[in-house]
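# Coordinate analysis (summary)
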Amino acid sequence: MAAADWGGKADHLAGERATAQFDVDGMKVAWAGSRHAVEVADRMACLVASDPVFRKDTRTMLSRKELFKDTLKKAAHAWKRTVELHLTEEEANLLRLYIDQPGYVDLHWVMFVPAIKGQGTEEQQKKWLTMAYKFQIIGTYAQTELGHGSNVQGLETTATFDPSTDEFIMHSPTLTSSKWWPGGLGKTSTHAVVYARLITEGKDYGIHGFIMQLRSLDDHSPLPGITIGDIGGKFGSGAYNSMDNGVMRLDHVRIPRDQMLMRLAQVTREGKYVHSDVPKQLLYGTMVYVRQTIVADASRALSRAVCIAVRYGAIRKQFGSKAGGPETQVLNYKTQQSRLFPFLASAYAFRFVGQWLKWLYTDVTQKLESKDFSTLPEAHACTAGLKSVTTSATADAIEECQKLCGGHGYLNSSGLPELFAVNLPACTYEGDNVVLLLQVARFLMKTVSQVASGKQPVGTTAYMGNIQHLMQCKSVVNTVEDWLNPAAIKEVFEARALRMAVNCAQNISKAPSQEEGFSELSPDLVEAAVAHVQLIIVTKFIEKLQEDILGHGVKEQLQKLCGIYALHLIHKHLGDFLSTGCVTARQGSLANERLGKLYAQVRPNAVALVDAFDYTDHYLGSALGRYDGDVYSALYKEAWKDPLNETVVPDGYQEHLRPLLKQQLKLSRL
Ligand SMILES: CCCCCCCCCCCCCCCCCCCCC/C=C/C(=O)SCCNC(=O)CCNC(=O)[C@H](O)C(C)(C)COP(=O)(O)OP(=O)(O)OC[C@H]1O[C@@H](n2cnc3c(N)ncnc32)[C@H](O)[C@@H]1OP(=O)(O)O
Ligand SMILES: Cc1cc2nc3c(=O)[nH]c(=O)nc-3n(C[C@H](O)[C@H](O)[C@H](O)COP(=O)(O)OP(=O)(O)OC[C@H]3O[C@@H](n4cnc5c(N)ncnc54)[C@H](O)[C@@H]3O)c2cc1C
């Protein structure tokens, strides 16, 4: 995309771009995944940026009601454009991403439709998806309740089969059984997949999914027996407040039997419960799908924050030579580089692992279709673990990017507060990150015990099969340069992850029971899970570098970023590496020395490396991150848009400020 398309005239960052040692277009392809992906993304980004309906520059100044209405307007317009332009699913998806405003459409496409696809019979899919694909109905995913989110088996809503009418009676028996949180439920959705305890012939068969109509398709009013509303304002201005997360109570609402999603289990006309031959964990399949997409979201959010902080860091100057020479760009401070460049490397690392995870998910889905369920546990562990590690790191990094931008980073016009507020809940939704890491740990403990009984692990745990070597090896690193060797890096990550997992397994075996041991050791188990997930990310980055990567200098830059990603983790988690005996203190300090050299090598390429994310100024939504670097004019201009500046003398002056000032003046004259 040409600079002019980004809205820039003078390029204040031209000097920075001139120092790049690689082909930025080639890097765009590596980042996006293919030349085709770059082209589609560019086209959709420009479509959004050039359409006045998708403006978002005053979003943080809107009231909740105005913001919600604005979201309805944008969603309807996006659908109109999708139909008019005959957009493909890939294009429509990108259109939504660049509109950059959470709304009911997310739940409709990302959870309601996949839940019916994964848990509905062919007949049910035909009926409901036909309407959903045309937006004749709007759906959401109503699982979480006021009293339970993480513990899905603890949900209280009931679906009691009544054979006399061939219906389920959907009911919220307690206050804590009120559905609470589903996006789009509050004010928009006409339908939902509702998760409830199935009761038939007097027996509770646990949680199952049911399709419910919630609102009239004529006037949008809730159907009889259904009480629905919005759960209230959320963290930050703008941000996730565009979404109508909802509360819902059901009072003996009747639905036909065939609205139970029946791929996993059925209830017959007589009320018999019949389980099909697919594993019951497929009930959780929608969550696996969404967790996989969240990893891609995390890399996108992180790359936006890094793009803002790098460009601003190259413009912002503080202090200078004593002789009155030019001031220093803050990006040249080593402390700034050591805080920021690991995030730059993480953005690329998360992007590549996200691409791999998408492949893994597709592979598992194909296997499931042919009734091969063998890779489901690994898919669950990978999606849960990667969702957890990438979203936590991203939320922390966005917050740090705000600090890296100093005071201006705290302004809404920097784009960072909203980016933080929108991405922070990703640590919680689709599974609290700690709860999900404990699922990974459970998978690891099982794998360790299988290895002990001679079974060869596969996939992302294959390294555990090399237990004899990994439990006792010492890192071969002897010089700073040795830390450039991917094999040396991979070995210490494998040894650390395996030793932490084995330590946990050994300690659990000393506890009175497996359950008690797991509970007592849960903080260690979470750390072992993080070590395993970080190994996956490092490994997938290294594997990416073995692919054909085109473009002058592109591979070399990625090698440096891969080194930064891995070595900054060694630096950050040195305690783990030392205590498990994988590296010595000297090797740890050599890693840190190598890291410093890599930062210096990345510095001249930093601005070009964030240009390769290919974001428009509209999408970045930041006065600090503008492509042309014209930061100060933009900040100055943005300030005047604030509603407080609509009048020179503020509202409230006559009632509160004037009397106070007059009174004080009078007193001082006495
Ligand atoms: C052309 C037109 C097209 C137009 C297209 C337009 C496109 C527009 C696209 C829009 C794009 C939008 C982009 C935005 C995207 C972002 C959207 C994000 C929105 C997010 C909204 C949020 C939603 C939610 O939060 S939904 C609620 C989520 N809730 C949770 O995650 C709950 C977490 N808890 C659990 O998952 C479980 O309860 C758990 C796992 C913690 C415990 O379960 P349990 O049953 O009690 O189990 P346990 O005994 O531990 O496990 C039993 C057994 O099962 C295994 N297991 C568990 N989970 C799974 C799983 N998921 N898969 C497989 N196996 C699983 C577990 O390991 C155990 O196994 P064993 O050990 O072998 O027994
Ligand atoms: C913005 C947003 C959108 C959402 N959208 C939807 C939606 O569309 N549909 C829907 O159904 N839900 C939705 N949710 C709900 C979301 O899925 C839950 O909030 C999430 O699963 C966490 O559950 P919880 O709130 O019950 O947390 P809790 O489980 O109550 O967590 C509280 C604390 O307890 C800890 N904890 C809990 N269990 C354990 C354990 N076993 N071991 C150790 N620590 C534990 C957690 O780590 C956390 O620190 C949304 C939530 C948010 C914030």
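Bear in mind that the values here come from a model prediction, so they are computed numbers and not experimental data. (Residues numbered from 1 in each chain as written. Chains lettered and ligands numbered in written order. Predicted model: local features only at pLDDT ≥ 70, side-chain atom pairs only at ≥ 80, totals over all residues. Heavy atoms only, no water.)

Moving on: the confidence of the model for the chain. For the chain, the average pLDDT comes to 96, and 99% of its residues sit at 70 or higher. Below pLDDT 50 for its whole length, residues 1-8 participates in 15 contacts with residues either more than four positions away or in separate chains. Note on the complex model: pTM 0.97, ipTM 0.98. (pLDDT = per-residue confidence, 0-100. Contact = heavy atoms within 4.5 Å.)

As enumerated under the stated definition, the model contains 38 salt bridges in all. One salt bridge in this structure joins E16 and R603, with 2.9 Å as the shortest N-O distance. With a gap of 587 residues between them, E16 in helix α1 (residues 14-18) and R603 in the loop between α19 (585-602) and α20 (606-611) connect regions that are remote in the sequence. Accessibility classification places E16 together with R603 in one group, the buried group. Between R304 and D100 there is a salt bridge, with its nearest N and O atoms 2.8 Å apart. On the criterion of sequence distance, the pair formed by R304 in helix α8 (residues 285-315) and D100 in the loop between α5 (89-99) and α6 (104-119) is long-range, its members being 204 residues apart. In this structure, R304 and D100 share a single accessibility class: buried. Each member of the salt-bridge network shares a partner with another, and the members are K56, R59, D100, R304 and E418. (Salt bridge = Lys/Arg side-chain N within 4 Å of Asp/Glu carboxyl O. Helix = DSSP H or I, 4+ residues; strand = E, 2+ residues; numbered from the N terminus. Buried < 20%, exposed > 50% of the residue type's maximum accessible area, 1.4 Å probe, protein only.)

Leave glycine aside and you will find that most residues have negative phi; peptide bonds, for their part, are mostly trans. The backbone of A239 sits at a positive phi, close to 45°, despite the residue not being glycine. By the element assignment, A239 lies in the loop between β7 (226-230) and β8 (246-250). Within the chain, E430 stands out as a residue other than glycine whose phi angle is a positive 60°. Structurally, the position occupied by E430 is in the loop between α11 (416-423) and α12 (433-452). The exposure class of E430 is buried, given its relative accessible area of 13%.

Here the focus is the site of ligand 2. Taken together, the neighbourhood of ligand 2 is formed by 20 residues, with Y141, T144, G149, S150 and D432 sitting nearest. Separating an oxygen atom of ligand 2 from a backbone N or O atom of Q143 is a distance of 3.1 Å. In the environment of ligand 2, an oxygen atom lies 2.5 Å from a nitrogen or oxygen atom belonging to the side chain of S150. With the chains in place, 63% of the 970 Å² that ligand 2 exposes on its own is no longer accessible. Broken down by element, the residue count for the shell around ligand 2 peaks at 3 residues, all from α12. Residues of the shell around ligand 2, tallied by class, amount to 10 nonpolar, 8 polar and 2 charged. (Near = heavy atom within 4 Å. Polar contact = N/O pair within 3.5 Å; in protein donor to acceptor, adjacent residues only side chain to side chain. Areas by Shrake-Rupley, 256 points an atom, 1.4 Å probe, with all protein chains shown as cover. Nonpolar A, V, L, I, M, F, W, Y, C, P; charged D, E, K, R; others polar.)

The subject of this paragraph is the site of ligand 1. Near ligand 1 there are 30 residues, and of these S150, Y284, E430, G431 and K446 occur at the shortest range. About the coverage of ligand 1: the protein hides 81% of its 1500 Å² of free accessible area. Elements with a minimum of two residues in the shell around ligand 1: α5, α6, α8 and α12. In terms of residue class, the shell around ligand 1 is made up of 13 nonpolar, 10 polar and 7 charged. When residues are assigned to domains, the shell around ligand 1 turns out to be shared by domain 1 (137-276) and domain 2 (285-457 + 476-611), each giving three or more. (Domains from an automatic or database assignment.)

Our next topic: the domain arrangement of the chain. Examined at the domain level, the chain breaks down into domain 1 (137-276) and domain 2 (285-457 + 476-611). The straight-line distance from the C-alpha centre of domain 1 to that of domain 2 is 37 Å. When domain 1 packs against domain 2, the two sides together hide about 820 Å² of surface, and 68% of this comes from carbon and sulfur. Where domain 1 touches domain 2, the interface holds 0 salt bridges. Residues that form the side of domain 1 that touches domain 2 fall into these classes: 5 nonpolar, 5 polar and no charged. (Buried area = accessible area lost by both parts, 1.4 Å probe.)

Here strand β1 (residues 139-142) shows no split at all, with G139 and Y141 on one side and T140 and A142 on the other all buried. One ladder, built from 4 bridges, connects β1 with strand β5 (residues 191-200); its direction is parallel. When the sheet's bridge partners are listed, A142 is paired in β5 with V194. (Pairing = 2+ DSSP bridges.)

The subject of this paragraph is the environment of D11. Locating D11 in the fold gives a position in the segment before α1. D11 sits 84 residues away from L95 along the chain, and the two C-alpha atoms are 27 Å apart. A distance of 2.8 Å separates a polar atom in the side chain of D11 from the backbone nitrogen of L13.

According to UniProt, the positions carrying the feature "domain: Acyl-CoA oxidase C-alpha1" (unreviewed entry) are residues 284-445. Summarising residues 284-445: 72% helix, 4% strand, and an end-to-end C-alpha distance of 21 Å. (UniProt positions renumbered as here; feature names shortened; annotations may be inferred.)

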